[in-house]
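# An overview of the molecular structure
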Amino acid sequence: MGKKDKRKPKRINIKKERQKLIKEKKKLHPDQDLQIDKKSTKKIDIRLEKETKLYWIRAITALISGLLGRLLLGIPNTKMVFGFWLFIWMLCFWFITPFVVSFLVLRYEYDKEEWNWKNIIKPGIGIYFFLFMIVTIITHTFLVFI
(Lines give C-alpha, C1' and ligand atoms only; values in the text may rest on other atoms or scores of the structure.)
Protein backbone atom coordinates (compact mmCIF):
# COMPACT_ATOMS: atom_id res chain seq x y z
CA MET A 1 0.00 0.00 0.00
CA GLY A 2 2.23 2.81 1.22
CA LYS A 3 5.94 3.14 0.81
CA LYS A 4 8.14 3.35 3.89
CA ASP A 5 9.95 6.60 4.38
CA LYS A 6 13.63 5.84 3.76
CA ARG A 7 14.72 9.18 5.16
CA LYS A 8 13.56 8.31 8.67
CA PRO A 9 16.60 7.27 10.73
CA LYS A 10 16.57 3.85 12.33
CA ARG A 11 16.67 3.84 16.14
CA ILE A 12 19.79 2.26 17.54
CA ASN A 13 20.33 0.98 21.05
CA ILE A 14 23.87 2.10 21.80
CA LYS A 15 24.53 -0.44 24.56
CA LYS A 16 23.43 -3.41 22.43
CA GLU A 17 25.42 -2.24 19.44
CA ARG A 18 28.53 -1.78 21.57
CA GLN A 19 28.18 -5.27 23.07
CA LYS A 20 27.72 -6.71 19.57
CA LEU A 21 30.89 -4.98 18.34
CA ILE A 22 32.85 -6.25 21.35
CA LYS A 23 31.71 -9.84 20.67
CA GLU A 24 32.66 -9.56 16.99
CA LYS A 25 36.07 -8.17 17.93
CA LYS A 26 36.62 -11.08 20.36
CA LYS A 27 35.77 -13.57 17.59
CA LEU A 28 38.22 -11.96 15.18
CA HIS A 29 41.05 -11.59 17.69
CA PRO A 30 40.58 -14.04 20.58
CA ASP A 31 44.16 -13.75 21.84
CA GLN A 32 44.28 -9.94 21.77
CA ASP A 33 43.38 -7.89 24.84
CA LEU A 34 40.37 -5.58 24.43
CA GLN A 35 41.79 -2.49 26.11
CA ILE A 36 41.29 -0.51 22.92
CA ASP A 37 37.54 -1.17 23.07
CA LYS A 38 37.37 -0.12 26.69
CA LYS A 39 38.94 3.23 25.89
CA SER A 40 36.71 3.87 22.88
CA THR A 41 33.52 2.91 24.67
CA LYS A 42 34.29 4.93 27.78
CA LYS A 43 33.03 8.11 26.09
CA ILE A 44 29.73 6.39 25.30
CA ASP A 45 29.40 5.18 28.90
CA ILE A 46 30.04 8.68 30.25
CA ARG A 47 27.46 10.21 27.91
CA LEU A 48 24.88 7.55 28.80
CA GLU A 49 25.50 8.16 32.49
CA LYS A 50 25.00 11.90 32.02
CA GLU A 51 21.78 11.34 30.07
CA THR A 52 20.48 8.94 32.72
CA LYS A 53 21.07 11.49 35.48
CA LEU A 54 19.30 14.18 33.46
CA TYR A 55 16.41 11.79 32.75
CA TRP A 56 15.72 11.15 36.42
CA ILE A 57 16.23 14.78 37.39
CA ARG A 58 13.72 15.73 34.73
CA ALA A 59 11.23 13.18 36.09
CA ILE A 60 11.57 14.61 39.61
CA THR A 61 11.29 18.14 38.21
CA ALA A 62 8.06 17.20 36.44
CA LEU A 63 6.53 15.97 39.68
CA ILE A 64 7.53 19.06 41.64
CA SER A 65 6.70 21.61 38.93
CA GLY A 66 3.35 19.97 38.21
CA LEU A 67 2.35 20.04 41.86
CA LEU A 68 3.62 23.57 42.51
CA GLY A 69 2.29 24.86 39.21
CA ARG A 70 -1.24 23.71 39.96
CA LEU A 71 -1.13 24.94 43.55
CA LEU A 72 0.50 28.32 42.83
CA LEU A 73 -1.05 29.19 39.47
CA GLY A 74 -4.49 27.79 40.30
CA ILE A 75 -5.52 30.77 42.45
CA PRO A 76 -7.52 32.54 39.73
CA ASN A 77 -10.22 30.05 38.90
CA THR A 78 -10.86 31.12 35.31
CA LYS A 79 -10.13 28.18 33.08
CA MET A 80 -8.60 29.95 30.08
CA VAL A 81 -6.16 32.06 32.08
CA PHE A 82 -5.20 29.15 34.32
CA GLY A 83 -4.49 26.83 31.38
CA PHE A 84 -2.38 29.40 29.56
CA TRP A 85 -0.21 30.21 32.58
CA LEU A 86 0.18 26.54 33.46
CA PHE A 87 1.30 25.87 29.86
CA ILE A 88 3.91 28.65 30.09
CA TRP A 89 5.01 27.25 33.50
CA MET A 90 5.43 23.78 31.99
CA LEU A 91 7.44 25.04 29.01
CA CYS A 92 9.78 27.05 31.25
CA PHE A 93 10.60 24.04 33.38
CA TRP A 94 10.70 21.81 30.30
CA PHE A 95 13.39 23.78 28.45
CA ILE A 96 15.25 25.86 31.04
CA THR A 97 15.72 23.36 33.89
CA PRO A 98 17.91 20.85 31.98
CA PHE A 99 20.44 23.57 31.15
CA VAL A 100 20.49 24.88 34.72
CA VAL A 101 20.92 21.37 36.11
CA SER A 102 23.50 20.38 33.50
CA PHE A 103 25.80 23.36 33.91
CA LEU A 104 25.21 24.68 37.43
CA VAL A 105 24.30 21.61 39.48
CA LEU A 106 26.06 18.70 37.76
CA ARG A 107 28.81 20.93 36.28
CA TYR A 108 29.03 19.27 32.87
CA GLU A 109 31.22 20.99 30.32
CA TYR A 110 29.72 22.08 27.01
CA ASP A 111 31.40 20.32 24.10
CA LYS A 112 30.05 20.75 20.57
CA GLU A 113 30.97 17.19 19.61
CA GLU A 114 30.21 15.15 22.74
CA TRP A 115 27.83 17.09 24.99
CA ASN A 116 25.82 19.65 23.05
CA TRP A 117 22.37 21.21 23.49
CA LYS A 118 20.59 18.28 21.79
CA ASN A 119 21.99 15.83 24.33
CA ILE A 120 20.80 18.13 27.11
CA ILE A 121 17.23 18.56 25.78
CA LYS A 122 16.55 14.97 24.60
CA PRO A 123 16.60 12.78 27.73
CA GLY A 124 13.29 12.66 29.52
CA ILE A 125 11.03 14.76 27.32
CA GLY A 126 8.30 12.11 27.31
CA ILE A 127 8.50 11.30 31.01
CA TYR A 128 8.44 15.00 31.86
CA PHE A 129 5.27 15.66 29.88
CA PHE A 130 3.56 12.49 31.13
CA LEU A 131 4.34 13.05 34.82
CA PHE A 132 3.54 16.76 34.64
CA MET A 133 0.12 16.06 33.16
CA ILE A 134 -0.68 13.21 35.57
CA VAL A 135 0.35 15.23 38.65
CA THR A 136 -1.54 18.36 37.58
CA ILE A 137 -4.69 16.37 36.74
CA ILE A 138 -4.65 14.52 40.06
CA THR A 139 -3.90 17.72 42.02
CA HIS A 140 -6.64 19.60 40.20
CA THR A 141 -9.13 16.79 40.84
CA PHE A 142 -8.36 16.75 44.56
CA LEU A 143 -8.63 20.54 44.80
CA VAL A 144 -11.96 20.61 43.00
CA PHE A 145 -13.53 17.86 45.10
CA ILE A 146 -12.24 19.17 48.43
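Structure first, text after, so check above.
A brief report on the enclosed structure follows. The residue numbering used here restarts from 1 in each chain and proceeds along that chain's sequence as written. Local features are withheld for residues below a pLDDT of 70 in this predicted model, meaning they are given only at 70 or higher, and side-chain atom pairs are given and counted only at 80 or more; totals for whole chains, interfaces and linings count all residues. Side-chain figures throughout are based on the complete set of non-hydrogen atoms in the structure, without hydrogens or water.

Our next topic: the side chain of T136. Here a helix means four or more residues in a row that DSSP labels H or I, a strand means two or more in a row labelled E, and each is numbered from the N terminus. Positionally, T136 belongs in helix α6 (residues 125–145). Relative accessible area decides the class of each residue, using a 1.4 Å probe on protein chains only: under 20% of the type maximum gives buried, over 50% gives exposed, and in between gives partly exposed. Judged by relative accessible area, T136 falls into the buried class, the value being 6%. Here the side chain of T136 touches M133 through a polar contact of 3.0 Å, landing on its backbone oxygen. Under this definition, polar contacts are N or O atom pairs within 3.5 Å; protein pairs additionally need one hydrogen-donor-capable and one acceptor-capable atom, and for neighbouring residues in sequence, both atoms have to be side-chain atoms.

It is worth spelling out the side chain of T61 at this point. In this structure, T61 sits in helix α2 (residues 35–73). Any two residues having at least one pair of non-hydrogen atoms within 4.5 Å are treated as being in contact. The residues contacting T61, other than those within four sequence positions of it, are G66, F93, T97 and Y128.

Taken as a whole, the largest pocket encloses approximately 400 Å³ of empty space. In terms of lining residues, the largest pocket is bounded by R11, I12, I14, R47, L48, E51, K122, P123 and G124. Top contributing element to the lining of the largest pocket by residue count: α2, with 3 residues. When its residues are assigned to classes, the lining of the largest pocket shows 4 nonpolar, 1 polar and 4 charged. In the cavity and pocket records, a cavity denotes points on a 1 Å grid over the protein atoms alone where a 1.4 Å probe fits but cannot get out, a pocket denotes an open set with protein on both sides within 12 Å along at least 5 of 7 lines, and lining residues are residues with an atom within 4 Å of a point. Grid points are joined across faces, edges and corners, and a volume is the space filled by probe spheres set on the points. Lys, Arg, Asp and Glu make up the charged group, whereas Ala, Val, Leu, Ile, Met, Phe, Trp, Tyr, Cys and Pro make up the nonpolar group; the residues left over, Gly among them, are polar.

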